[in-house]
Amino acid sequence: MDNGSILKRHSVAVSQCIRGPVCTTVMVMGLKNVGKSTVIQQLQKLSSGSFDDRRRKSESFVDFKGQLQFSEATQFPFKGLRKMAIKASESFILVYSVDDEESFDYVTKLLSEIIAIKGENVPLVVVANKIDKSPRDVHPIIADCVVTIDFECKHKEVCAATGDGMKEALSCLLSFFSDGSQVADESTHKSSLKKRFSFLFRK
């Protein structure tokens, strides 16, 4: 282990139809102990096997063909290294734990930085992990409003340990590559919501 950076690469072959690159890099980011490795393991299970196998696992999967390359990142010793990693990645999954408010605050900082570097239409999903934990330090309504209204990003709650919600999280990420027009429509709708409700649920 190094002093602050943990990078693990996992390649997952996925044979469904995609408009986009053959290999898509997915940076999985968040603080330590939020369950990033377990999230990746669940994504590997869901993405493995034949097309028919995946259809049996989830009818909600969008068509996707190519390869997902996951990189797990905890923290970087220098901000410049984090920026380099963000620039090199094509899509992102940001993970926080619902019983750790600091991990959610870190994700909001990452959101600001990623959007500033990659633009508003970057393929990105925020994952709220460990929904089986109690009590919750992060209020689900506040978190959802911050992510979906303030930052106009997608937000999914999961329990990576059991796999609950992981199908929806993966489908949510793949939807960026299957239907660009849908993403644009959702962005326009969220923009109007942001103007009306961005002042709500502030700390």
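Residues numbered from 1 in each chain as written. Predicted model: local features only at pLDDT ≥ 70, side-chain atom pairs only at ≥ 80, totals over all residues. Heavy atoms only, no water.

1. Overview of the overall build of the protein
- A tally of regular secondary structure across the protein gives seven helices and six strands.
- Mapped from its N terminus to its C terminus, the protein presents α and β elements in the order β-β-α-α-β-α-β-α-β-α-β-α-α.
- For the protein, buried positions account for 49% of its 203 residues.
- Put simply, 84% of the contacts in the protein that link residues at least 6 apart link residues at least 24 apart. (Helix = DSSP H or I, 4+ residues; strand = E, 2+ residues; numbered from the N terminus. Buried < 20%, exposed > 50% of the residue type's maximum accessible area, 1.4 Å probe, protein only. Contact = heavy atoms within 4.5 Å.)

2. Regarding the packing of aromatic side chains
- Counted by the stated rule, this structure contains one aromatic pair.
- The interplanar angle of 70 degrees and the centroid separation of 4.9 Å between the aromatic rings of tyrosine 96 and phenylalanine 104 together place this pair among those described as edge-to-face.
- One Lys or Arg, lysine 154, reaches over the ring of phenylalanine 176 and ends 4.6 Å from the middle of that ring. (Phe/Tyr/Trp six-rings, centres within 6.5 Å; stacked < 30°, edge-to-face > 60°. Lys NZ or Arg CZ within 6 Å of the ring centre and 35° of its normal.)

3. Remarks on the pattern of salt bridges
- Tallied over the full model, the rule gives two salt bridges.
- The partner of glutamate 113 in a salt bridge is arginine 82, with the nearest N and O atoms 2.8 Å apart. Of this pair, glutamate 113 sits in helix 4 (residues 101-118) while arginine 82 sits in helix 3 (residues 79-88), and the two are 31 residues apart along the sequence.
- According to the relative accessible area criterion, arginine 82 is buried, its value standing at 14%. (Salt bridge = Lys/Arg side-chain N within 4 Å of Asp/Glu carboxyl O.)

4. Brief notes about the packing of helix 3 against helix 4
- Look at helix 3 against helix 4: their axes get within 10 Å of each other, and the N-to-C directions meet at 60 degrees. Taken together, the axis directions place helix 3 and helix 4 in an arrangement best described as oblique. Crossing hand, helix 3 versus helix 4: right-handed. Residue-level contacts link Lys79, Arg82, Lys83, Ile86 and Lys87 of helix 3 to Tyr106, Leu110, Glu113, Ile114, Ile117 and Lys118 of helix 4.
- Across the contact of helix 3 with helix 4, the residue classes break down as five nonpolar, no polar and six charged. (Axes fitted to C-alpha atoms, helices over the stretch in contact; angles between N-to-C directions. Parallel < 35°, antiparallel > 145°, perpendicular 65-115°, else oblique. Left-handed = near helix turned anticlockwise from the far one by under 90°. Nonpolar A, V, L, I, M, F, W, Y, C, P; charged D, E, K, R; others polar.)

5. Considerations on the nonpolar core
- By size, the foremost hydrophobic cluster in this structure holds 50 residues, and its most contacted members are Met29, Phe92, Leu94, Tyr96, Ile114 and Leu124.
- If we ignore the near neighbours within four places in the chain, the residues touching leucine 94 are Met29, Val107, Leu110, Leu111, Ile114, Leu124, Val125, Val126 and Val127. (Core = buried A, V, L, I, M, F, W, Y, C linked by side-chain atoms within 4.5 Å.)

6. Considerations on a nonpolar patch on the surface
- A contiguous nonpolar patch, built from Phe78, Leu81 and Met84 and spanning about 330 Å² of accessible area, is present on the exposed surface.
- Looking at where leucine 81 falls in the secondary structure, it is placed in helix 3.
- Look at leucine 81 and you get partly exposed, because its relative accessible area is 37%. (Patch = residues over 30% accessible without salt bridge, like charges linked within 9 Å, V, L, I, M, F, W, Y side chains within 5 Å. Areas by Shrake-Rupley, 256 points an atom, 1.4 Å probe, with all protein chains shown as cover.)

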